[in-house]
Amino acid sequence: MKNRSHPPYYIILLFTLSTMLFLGIALMLILQSTYSASRQSSRQTLNHSANQQIHQVMKQQDIPGMSVLMIQHGKVILNQGYGYQNLSKHQHATKNTQYEIASDTKAFTGLAILQLAKEHKVDLKAPVAKYIPWLHLYYKGRQTDVTIEQLLSQTSGISDSLSSDDEESLPKSKNNLKDRVKSINHASLKETPGQQFNYANMNYNVLGYVVEQVSHQSYETYIHQHILKPLHMQQTYFKTEKPTAVQKRALSKGYVEEHGNIQADRPAYFKGDTPAAYMISSTTDLIPWVQYQLKPGASSRSIIHQSHQQIAETPFDKNAVGYGSGWFLNPESHQVLHPGTLPNYASFILLNTKDQNAVVILANLNSPGISGLAKALDHQLAYFNEHQILNHYVEQHATLIGIALWLLSLISTGCLIGIGFLFYHFRQHRRTWRYRSFIANSTIILISSVIIISVCIALEQTPVHIIHTLNWDIALIAFSPPFILVILLSFCTSVLLTVYLSLLLLWKKKARQ
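No experiment lies behind these values; they were computed from the predicted model shown.

Conventions and cut-offs
- Residues numbered from 1 in each chain as written.
- Predicted model: local features only at pLDDT ≥ 70, side-chain atom pairs only at ≥ 80, totals over all residues.
- Heavy atoms only, no water.
- Patch = residues over 30% accessible without salt bridge, like charges linked within 9 Å, V, L, I, M, F, W, Y side chains within 5 Å.
- Areas by Shrake-Rupley, 256 points an atom, 1.4 Å probe, with all protein chains shown as cover.
- Salt bridge = Lys/Arg side-chain N within 4 Å of Asp/Glu carboxyl O.
- Helix = DSSP H or I, 4+ residues; strand = E, 2+ residues; numbered from the N terminus.
- Buried < 20%, exposed > 50% of the residue type's maximum accessible area, 1.4 Å probe, protein only.
- Pairing = 2+ DSSP bridges.
- Contact = heavy atoms within 4.5 Å.
- Axes fitted to C-alpha atoms, helices over the stretch in contact; angles between N-to-C directions.
- Core = buried A, V, L, I, M, F, W, Y, C linked by side-chain atoms within 4.5 Å.
- Phe/Tyr/Trp six-rings, centres within 6.5 Å; stacked < 30°, edge-to-face > 60°.

Asks: Can you explain a nonpolar patch on the surface? Please cite residues and give values.
Replies: A cluster of nonpolar residues, Ile403, Leu407, Leu410 and Ile411, forms a patch on the protein surface that exposes about 290 Å² of accessible area. Along the chain, Ile411 falls in helix α13 (residues 398-428). Classification of Ile411 as partly exposed rests on a relative accessible area of 41%.

Asks: Give a detailed account of the sheet that holds strand β15 (residues 345-352), specifying residues and quantitative values.
Replies: On the basis of which strands lie adjacent, the open sheet formed by 9 strands has the order β3-β2-β1-β16-β15-β14-β13-β12-β11 and antiparallel pairing. Because the sheet does not close on itself, it has two edges, and the strands there are β3 (91-92) and β11 (312-313). Both β11 and strand β12 (residues 322-323) contribute to a ladder of 2 bridges, which runs antiparallel. In the sheet register, Glu313 faces β12, and the bridge partner there is Gly322. Running at roughly 25° to strand β2 (residues 75-86), helix α2 (residues 46-61) makes contact with β1 (65-72) and β2 of the sheet.

Asks: Provide a residue-level description of the nonpolar core, including the pertinent values.
Replies: Within the largest apolar cluster, 103 residues are counted, with the highest numbers of intra-cluster contacts made by Met66, Ile148 and Trp289. The next biggest cluster of nonpolar side chains, apart from the first, holds 18 residues, and it includes Val394, Trp472, Ala475 and Ile484.

Asks: For the packing of aromatic side chains, give the residues involved together with the corresponding values.
Replies: Counted under the stated rule, the structure contains 11 aromatic pairs. Taken together, a centroid distance of 5.5 Å and an interplanar angle of 50° make the contact between Phe197 and Tyr323 tilted. Note that Phe197 is positioned in the loop between α5 (177-182) and α6 (201-215) and Tyr323 in strand β12, a separation of 126 residues in sequence. Among the aromatic residues, those joined into a cluster by ring pairs are Phe108, Trp289, Tyr292 and Trp327.

Encoded structure:
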């Protein structure tokens, strides 16, 4: 027999030294990158983190411009514009840029009703017919009463589809609040009043007309005199009103996305929807309104508290569990909030009345990313200190984390090479290798699948176990990159190792005949 030839010792030595040098350089680079990234993350400010999230969402959602207000423990920590309020003129959005705030108008209407109730001019338990005698509503063919409180809580049984009005064809003479309410006179309700939450702008249009009937003023005049003026919200107005020169210059254009293109749009609108949707304001002008909600004075405390009380459950809403007087509510987490959407604008106001934190987002494009951004910024307000404690810990142990990243990278690479080798080896020697029994292989596959699924579930839940209510969207921005890599590589290594061991167990060498 011929002796097998072996590589010269110097080739083996050269290969060994090259491998050690490569691994050493890789370790040094990983350690340097880990220390640099962890140091940068631990010195990140709340505003810097918020700016990162805002820019990321705007880029992902193609939002031309927005303004964002953040209040922490009652103090303004960020009030800034991003992007453009007018793309064609390259006019940047600022903290004074004005937007249509859509359904965030409802909280003003709700407060107006509560003010009138406090003055005993409106009875919340009384039927709306007491204030609008000609308004008759029916349920299953019978005339029925709808109370003011049911309108406030969106449980009246009214839906926007009850009106047959068409914005495009409605004559100007009928495009007003009274005729908008008249459009549902003698209509049939969808549900029994008081039974089920059914969000509809028409509820608040009717309430707006009640304000007019009781106060003997236009809805807009009442809101200006009794809410906006006392709060010094001088630049806030309604779409039905003629703006001043300052207001006109500050108003952002509204945009829509069509076939991947962003373009300016001014859709037709019902003037009669003003109490539900057509206030115009800026983040700067909304500061006193938000602070009024977070920390009202002694004379206003009871009415603000009342407006934040749940009077209906919202079982199918993704943002909240209840509804009050123009606000969605999460009582357990002390959240008071409301999204606003129009074809060409979006808004979101999110308050934490316990911690006196607030996030206000006004945007010139209706985007689904606005609500997620508001929640992410709210989480930053509540938990940023915990984020930074973790980031400081990562910086202090940067060397250990760097070594862990290095080891995990080696193991993952080894598993990938091993998996590739097993497939290659089985393909080349399939005649001498075979699968185990069906039961044995089924058991191996089942156990491996359970392990991999468990690992994936654990990965998805990891942020919540680190900091309460945290999700990956926030974690990817808030946490130090080395820490994120350690988590992801740990789970990847676990999956690859499971696959490698499973493949080893699935095949065995055939017995010699």
